[in-house]
Amino acid sequence: MNVNAKPTYCVDLAKNKFQVHTFSARGEVQQRRTLTRAKFDAFFSNPNTPRGMVVMEACASSQFWARRFVRQGHEARLLPAQFVAKHRIGNKNDGNDADAIWATHQDARVKSVPVKSVEQQDACAWHRLRERLVTDRTQCINQIRGLLAERGRVAGKGRLGLSALVASVDDPSDEVTPVLARMIGMIHQQIEQIDQQIDAIECELNAMAKRDPVAKRVMTIHGIGVITATAMAAEIGGRVERFADARQFAAGIGITPREDSTGETWRLGPITRRGNPYLRWLLVQCGQSVVQNCRSRDDAISKFAMRLLEDKHKKHNTVVVAVANHLARIVYAVIKHGEDYRPQGRIAARA
C-alpha cells in the first residue's frame, strides 16, 4: 500500500456544525470530528492538513465548498443525496450520514454531480427566479378569476380572457362592488409588475444565450428556445462525459420509462421522473411544441413526431414525452460533438 496515498474526507454539510470523517486509502477510519463553521474552513485551508478527496452530498452550499476545496488543493466529489440516504445504516444523524457518504463513495455505480462554476450558478439562479415569478403570476391570475367567478363574472382562457375580465370590473353592479374593484386593481397591478420582472429576466437570458457557445448549439435544435437552451447550459454545461451515451443522458433527466422486469417478464411503465425536474419539464414543453407544428414541417424531428401520431394506439401525451426523450438525446449529441444540429440528418447535410 502506498504510504503517500491521499486520505478521503467524508463531510456532512450544515449551517454551523460540520461532521468530518477521515478515511485512509485502505478504508480505515482515522478520525471523526465535529467542527464549527470557522474551524471547518480553517481545517481544510491549513497547509498541514493532507490534501485529499473531499466527498459531500449535493445539497445546499455544496457547490460553494467544492469550488473552495479545489482552490485549496483538494479534490472534490459531490454525490446525489438520494443514493446517500439508501446507504445509511441506523438512525439519521450527522455521524451516520458521514458514514453513508463514505459507503456511497465506494459504490462504483453512483455517478458524481458535476461542480458548477459561479457563472453557471448565476444562470441557474435566473431560471429559479423566473420560475417563482411565473408561479406567482399564475396565482394572481387564478385569484382574480376566482374572486370574480363568485360574483358571476367569467371570461375565456388566456391573457385576452383575463384582460376582458379585468375590464368588466369597470361596469359596476350589485355583485361587483367598488371594494372588490379596488382589490382586482391591486392584484392586476401586481401582475403587471411581475410581467416586467419576467421580461427583464428573459432579456438577461437572451444575452446569456448569445455569449454561451453551448446554448447557441442547443438552440439550433427545432423546438428548443432560449429558456431551455440556457437551462441546459447552466445545469450541464459542456460536460456530458459522465453519461455513457445519449440514452443514459435521457435516463438521467428521468424521461425514460420505468422498468419493472424479472426473468422473462419485461414491463415498462410511466417515466421515472428522476434527475432534474426543471429540465424535464422544459423538454416536455419543447416536445409539445414540436408535436403541435410537426404537420407543417419536414425536418427529422417533425417526421419522427408524425410517425408516432399516426399510431392510433399511442396517446397524445405519450407522443409528447417520446419526442421530449428524442430531443434530450439530440441535446446530448450536440453538446458532446460540439456541432450544430442538422435538421435533415448527417447524410443529407453532407450532400
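Preceding this paragraph is the structure being described.
Residues numbered from 1 in each chain as written. Predicted model: local features only at pLDDT ≥ 70, side-chain atom pairs only at ≥ 80, totals over all residues. Heavy atoms only, no water.

Asks: Would you mind showing me how to read helix 1 (residues 37-45) here?
Replies: Helical geometry: 3.6 residues make up each α-helical turn, so side chains three or four residues apart lie on a common side. Every buried residue of helix 1 is listed here: Phe40, Phe43 and Phe44. One side of helix 1 holds all its buried residues, which, seen down the axis, span an arc of 85°. Away from its buried face, by an angle of more than 90 degrees, helix 1 presents the exposed residues Ala38 and Lys39. Its buried side turned inward, helix 1 meets strand 1 (8-12), strand 2 (17-23), strand 3 (29-36), strand 4 (53-57) and helix 2 (62-71). (Buried < 20%, exposed > 50% of the residue type's maximum accessible area, 1.4 Å probe, protein only. Helix = DSSP H or I, 4+ residues; strand = E, 2+ residues; numbered from the N terminus. Arc of directions from axis to C-beta. Contact = heavy atoms within 4.5 Å.)

Asks: I tried to follow helix 13 (residues 316-337) on my own but got confused; where do I start?
Replies: Compared with the 32 Å implied by 1.5 Å per residue over 22 residues, the 32 Å span of helix 13 between its first and last C-alpha is a close match. Among the residues making up helix 13, those that are buried are Val319, Val320, Val323, Ala324, Asn325, Leu327, Ala328, Ile330, Val331, Tyr332, Val334 and Ile335. Looking at the buried side of helix 13, the elements it contacts are helix 8 (213-218), helix 9 (226-235), helix 10 (246-253), helix 11 (277-293) and helix 12 (300-309). Where helix 13 ends, the next residue or the one after it, glycine 338, has phi of about 65°, a positive value. (Expected span 1.5 Å × (residues − 1).)

Asks: Explain the nonpolar core to me, please; I cannot follow it from the model alone.
Replies: Side chains of nonpolar character tend, in soluble globular proteins, to be buried together. Counting residues in each nonpolar core, the largest one holds 65 residues, and the members touching the most others are Ile144, Ile221, Phe249 and Val323. With 11 residues, helix 13 is the largest single contributor of residues to this core. Those residues within four positions of isoleucine 221 in sequence are excluded, and the remaining contacts are Ile301, Leu327, Ile330, Val331, Val334 and Tyr341. One finds Val11, Val20, Phe44 and Ala66 within the second-largest nonpolar core, a separate group that totals 15 residues. (Core = buried A, V, L, I, M, F, W, Y, C linked by side-chain atoms within 4.5 Å.)

Asks: Would you explain the packing of helix 10 against helix 13 in this entry?
Replies: In a pair of packed helices, the angle between the axes and the distance between the axes together describe the arrangement. Close contact between helix 10 and helix 13 brings their axes to 8 Å; oriented N to C, the two are set at 120°. The orientation of helix 10 relative to helix 13 falls into the category oblique. Crossing handedness for the pair helix 10 and helix 13: right-handed. Touching Ala246, Arg247, Phe249, Ala250 and Ile253 of helix 10 are Asn325, Ala328, Arg329, Val331 and Tyr332, all from helix 13. (Axes fitted to C-alpha atoms, helices over the stretch in contact; angles between N-to-C directions. Parallel < 35°, antiparallel > 145°, perpendicular 65-115°, else oblique. Left-handed = near helix turned anticlockwise from the far one by under 90°.)

Asks: Help me understand the packing of aromatic side chains, please; the structure alone is not making it clear to me.
Replies: Across all of its chains, the model carries 15 aromatic pairs by this definition. Between the aromatic rings of phenylalanine 243 and phenylalanine 249, the centroid separation amounts to 5.3 Å while the plane-to-plane angle is 90°, which identifies the pairing as edge-to-face. One exposure class covers both phenylalanine 243 and phenylalanine 249, and it is buried. Ring geometry for tyrosine 278 versus tryptophan 281: centroids 6.3 Å apart, planes at 25°, classification stacked. Of this pair, tyrosine 278 and tryptophan 281 both sit in helix 11, three residues apart, roughly one helical turn. When its relative accessible area of 5% is taken as the criterion, tyrosine 278 is described as buried. In this structure an aromatic cluster arises from ring pairing among Tyr9, Phe18, Phe40, Phe43, Phe44, Phe64, Trp65 and Phe69. Against the face of tyrosine 278 rests arginine 128, its NZ or CZ located 5.0 Å from the ring centre. (Phe/Tyr/Trp six-rings, centres within 6.5 Å; stacked < 30°, edge-to-face > 60°. Lys NZ or Arg CZ within 6 Å of the ring centre and 35° of its normal.)

Asks: Explain the pairing of strand 4 here, please?
Replies: Residues in a regular strand point their side chains to alternate faces of the sheet. Burial of strand 4 is extensive: five of the five residues sit out of reach of the surface. Residue alternation in strand 4 divides its side chains into two sets, Met53, Val55 and Glu57 and Val54 and Met56, and both sets are buried. Pairing of strand 1 with strand 4, which is carried by four bridges, proceeds in the parallel orientation. Bridged to cysteine 10 within strand 4 is valine 55. What joins strand 4 to strand 5 (residues 75-79) is helix 2, and the crossover it makes is right-handed. (Pairing = 2+ DSSP bridges. Right-handed = clockwise from strand over helix to strand, strands pointing away.)

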